[in-house]
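The lines below spell out each chain.
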Amino acid sequence: MLGKTYNLKDDGDKERFRRSFASFLWLTYRRGFPQLPDSSLTTDSGWGCVLRTGQMLLAQGLLIHLMPPGDNKHANIIE
């Protein structure tokens, strides 16, 4: 994952993989928001997935660039 390999048969590597995977940002669909003016949309499905993919790539790139190597402090937010 991102250039690192993990031996999932090894418990230590399995835990490092889990923590690394949990540190990724995940942006999801929005639904149930008030209708936009002159529209019946209450969800961002459709092209929203393309926007979210770009947002996740940008956010992950910023984390990799700005955070010290090996810093997974933001992974604790998910737990």
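Structure report, in brief. (Residues numbered from 1 in each chain as written. Predicted model: local features only at pLDDT ≥ 70, side-chain atom pairs only at ≥ 80, totals over all residues. Heavy atoms only, no water.)

**Describing the overall build of the protein**
Next up, step 1: In terms of helices and strands, the protein carries two helices and zero strands.
Next up, step 2: For the protein, the residues scored as buried account for 15% of the 79 residues in total.
Next up, step 3: Excluding contacts between residues fewer than 6 apart, the proportion of contacts in the protein whose partners are at least 24 apart in sequence is 41%.
Next up, step 4: Surface accessibility of the protein: about 6,700 Å² in total, with carbon and sulfur atoms responsible for 62%. (Helix = DSSP H or I, 4+ residues; strand = E, 2+ residues; numbered from the N terminus. Buried < 20%, exposed > 50% of the residue type's maximum accessible area, 1.4 Å probe, protein only. Contact = heavy atoms within 4.5 Å. Areas by Shrake-Rupley, 256 points an atom, 1.4 Å probe, with all protein chains shown as cover.)

**Observations regarding the packing of aromatic side chains**
Next up, step 1: In the structure shown here, the tally under the stated rule is two aromatic pairs.
Next up, step 2: An angle of 75 degrees between the planes, with centres 5.5 Å apart, marks the rings of Tyr6 and Phe17 as edge-to-face. Taken together, the residues Tyr6 in the segment before helix H1 (11-22) and Phe17 in helix H1 connect sequence positions eleven residues apart.
Next up, step 3: Judged by relative accessible area, Phe17 falls into the partly exposed class, the value being 29%.
Next up, step 4: On the numbers, 6.2 Å between centres and 20 degrees between planes, the contact of Phe17 with Phe21 is stacked. Remark: Phe21 and Phe17 occur in helix H1; sequence separation between them is four residues, near one turn of the helix. (Phe/Tyr/Trp six-rings, centres within 6.5 Å; stacked < 30°, edge-to-face > 60°.)

**Considering a nonpolar patch on the surface**
Next up, step 1: Residues Leu58, Leu62 and Leu66 make up a contiguous nonpolar surface patch of roughly 320 Å² in combined accessible area.
Next up, step 2: A relative accessible area of 62% means that Leu66 is categorised as exposed. (Patch = residues over 30% accessible without salt bridge, like charges linked within 9 Å, V, L, I, M, F, W, Y side chains within 5 Å. Salt bridge = Lys/Arg side-chain N within 4 Å of Asp/Glu carboxyl O.)

**Section: the pattern of salt bridges**
Next up, step 1: Throughout the structure, instances matching the rule amount to three salt bridges.
Next up, step 2: The partner of Asp13 in a salt bridge is Arg16, and the shortest N-O contact between them spans 2.8 Å. With Asp13 and Arg16 both in helix H1 and three residues apart, this pair spans about one turn of that helix.
Next up, step 3: Relative accessible area serves as the criterion here: at 16%, Asp13 is assigned to the buried category.
Next up, step 4: A salt bridge links Arg18 to Glu15, with the nearest nitrogen and oxygen atoms 2.9 Å apart. A residue pair is termed a helical-turn pair when its members lie 3 or 4 positions apart in one helix, as Arg18 and Glu15 do in helix H1 at three residues.

**Describing unusual backbone geometry**
Next up, step 1: Phi at Asp38 takes a positive value of approximately 60 degrees, unusual for a residue other than glycine.
Next up, step 2: By relative accessible area, Asp38 is classed as exposed at 87%.

**A word on helix H2 (residues 48-66)**
Next up, step 1: Between its terminal C-alpha atoms H2 stretches 26 Å, which fits the 27 Å expected from 19 residues at 1.5 Å a residue.
Next up, step 2: Turning to H2, its buried residues number three or more, namely Gly48, Arg52, Gln60 and Leu63. What you see down the axis of H2 is that its buried residues fit within an arc of 95 degrees, all on one side. Facing away from the buried side of H2, by more than 90 degrees, are the exposed residues Leu51, Leu57, Leu58, Ile64 and His65. (Expected span 1.5 Å × (residues − 1). Arc of directions from axis to C-beta.)

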